[in-house]
Amino acid sequence: MKNILPEISSNLSKIWTKIKNIENSLFPELQERFGTLSSKEEKLIKILDFAQIENNITVVKVTNPPKDREEIARAFIAKSVYNLQTTRDLIDRLKIDRTLRVLCGWRYSKDIPSESKFSRVFDALSQQRIASKTHQQFIREYLNDTLFVYSASDATAIEMREKPTRKEKPQPTVKRKRGRPKKGEKAVAKKPTILQQQKEMTSTQEMLSLLPVACDVGVKKNAKGFKETWIGGKLHMSVVDGDIPITAIFTGASVHDSSVALPLIKETSKKVNYLHDLMDAGYDADIIREYSGIYGHKPIIDINPKNSKKRKAQIALAKEEKKKFASLNLHLSCDTHHYNQRSMVERVNAYLKDDFGCSKIYYQGAVKVASVLSFGILSICIHQALKLVT
């Protein structure tokens with residue numbers, strides 16, 4: 001069965017028109033000035049032209065506007081596109097690469113600010129969530145009327161160069177004996193789970209307020225079944241057809257993947273239209289399935305046999321029925337085909353770390369780390385959307 005492409009919308013047609021204008025008018029002008037453009041330079045030019053990140057930069061001090069803020073914001077997009085790991089690498093590249101320097105907004109190498117200036121401006125850009133706002137604006141302008149088939153969600157480990165925060169030890173509770181409570185004794189109500197609390201909430205911010213964002217220790221099983229630990233955070237993403245990241249949420253490393261499922265579904269549904277929610281066994285929960293159905297999606301979530309004996313029985317029954325009925329076999333193979341499309345989110349995680357400057361993050365603090373990731377996600381989103389159209 002072939003992969004189903006998203007329905008072509010008027011906004012996707014607008015992307016195509018803009019791409020042709022860039023190639024037919026801007027590229028020849030730049031080639032006349034700088035010579036033949038490399039594929040990396042052409043890629044950066046398109047991403048900068050579609051991002052228009054300078055439109056989202058707000059000046060806090062009107063009386064004394066900081067210089068180079070727009071240029072530095074464009075330079076951090078270039079840092080992602082050129083897969084540079086540190087600000088020092090970026091500055092060194094700007095000083096020797098005239099074309100890159102002019103694309104970011106500086107004419108001469110002596111105009112490039114110091115590393116400390118880059119750091120101060122990046123801190124301001126991070127606080128204002130400039131990259132994230134630009135990402136949302138691009139989706140709103142070019143992708144919001146497109147019908148996508150799949151939205152795949154997953155999380156990836158993000159290592160950070162700082163000490164994990166110490167967690168407060170929970171107060172010891174007196175364990176009561178099993179069985180019925182004694183006469184006059186009140187049974188202690190169980191604290192609702194994060195998913196149960198989020199289900200009753202109306203805003204995404206309220207849902208996310210239950211989740212820590214500070215650096216801590218995460219544990220996961222690798223492909224071979226062995227446990228791995230890391231210090232840092234987690235990036236949770238929803239990705240649609242064409243490997244286009246739509247929603248990204250950064251949390252502490254200890255946050256379980258399923259705790260961010262409802263915010264991802266809610267935010268992605270607000271931004272684009274799609275049909276299926278694809279998730280692995282880590283998201284196996286009835287609350288998530290029901291929440292996906294509320295937004296009109298079909299949830300395709302792998303079953304986690306560890307959840308209950310009922311799940312194990314369902315898996316065993318499905319295997320028996322699969323042998324007996326060809327029609328059920330066809331149904332299961334269709335769901336398997338849909339589920340296999342979940343690899344799109346794994347590819348985006350690999351792009352982010354291997355090709356867009358996020359394999360090692362040297363900034364500290366959740367806000368700055370999330371901002372570095374947002375610049376990479378913004379670049380991937382635009383690049384993949386342009387590839388989808390062309």
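For the structure, check the block above.
Since the model is a prediction, treat every value here as computed from it, not as a measurement. (Residues numbered from 1 in each chain as written. Predicted model: local features only at pLDDT ≥ 70, side-chain atom pairs only at ≥ 80, totals over all residues. Heavy atoms only, no water.)

Participant: I keep staring at the overall build of the protein chain and nothing clicks. Help me out?
Facilitator: Helix and strand content of the protein chain: 15 helices and six strands. Burial analysis of the protein chain (390 residues in total) assigns 46% to the buried set. Look at the contacts in the protein chain between residues 6 or more apart in sequence, and 69% of them connect residues 24 or more apart. Just so you have it, the protein chain exposes about 21,600 Å², and 51% of that area is on carbon and sulfur atoms. (Helix = DSSP H or I, 4+ residues; strand = E, 2+ residues; numbered from the N terminus. Buried < 20%, exposed > 50% of the residue type's maximum accessible area, 1.4 Å probe, protein only. Contact = heavy atoms within 4.5 Å. Areas by Shrake-Rupley, 256 points an atom, 1.4 Å probe, with all protein chains shown as cover.)

Participant: What exactly am I supposed to notice about empty space enclosed by the protein here?
Facilitator: Using a probe with the size of a water molecule, rolled over the atoms, empty space left in the structure can be pinpointed. Here the structure, examined in full by the defined rule, presents one cavity of 30 Å³ or more. Each pocket or cavity is described by its volume, and for the largest cavity that value is around 50 Å³. What lines the largest cavity is simply F76, K79, S80, F122, Y363, V372 and F375. Mapped by element, the contributors of at least two residues to the lining of the largest cavity are helix 3 (69-81) and helix 15 (366-389). Within the lining of the largest cavity, the residues separate by chemical class into five nonpolar, one polar and one charged. (1 Å grid on protein atoms, 1.4 Å probe; cavity = no way out; pocket = protein on both sides within 12 Å on 5 of 7 lines; lining within 4 Å. Points joined across faces, edges and corners; volume = space filled by probe spheres on them. Nonpolar A, V, L, I, M, F, W, Y, C, P; charged D, E, K, R; others polar.)

Participant: Even after reading the chapter, I still don't get the environment of Y363, so can you show me in this structure?
Facilitator: Here Y363 is to be found in the loop between helix 14 (343-354) and helix 15. Residue Y363 is classed as buried on the basis of its relative accessible area, which comes to 14%. Taking C-alpha positions, Y363 is 9.6 Å from T87, a pair spaced 276 residues apart along the chain. Setting aside anything within four residues of it in sequence, one finds Y363 in contact with F76, T87, S119, F122, K368, V369 and V372. Among the polar contacts listed, one links the side chain of Y363 to the side chain of T87, at a separation of 3.0 Å. (Polar contact = N/O pair within 3.5 Å; in protein donor to acceptor, adjacent residues only side chain to side chain.)

Participant: Any chance you could explain a nonpolar patch on the surface here in plain terms?
Facilitator: Among the surface-exposed residues, V217, V219 and I231 lie close enough to one another that they form a single nonpolar patch of about 230 Å² accessible area. By secondary structure assignment, the location of I231 is in strand 3 (residues 227-240). (Patch = residues over 30% accessible without salt bridge, like charges linked within 9 Å, V, L, I, M, F, W, Y side chains within 5 Å. Salt bridge = Lys/Arg side-chain N within 4 Å of Asp/Glu carboxyl O.)

Participant: I tried to follow the pairing of strand 1 (residues 147-159) on my own but got confused; where do I start?
Facilitator: Sheet faces and side chains relate simply in a regular strand, where the side chains alternate between the two faces. Among the 13 residues of strand 1, 11 are classified as buried, and the element is accordingly described as predominantly covered. The pairing of strand 1 with strand 3 spans nine bridges and is classified as antiparallel. Each bridged residue has a counterpart across the sheet, and for A157 the counterpart in strand 3 is K234. (Pairing = 2+ DSSP bridges.)

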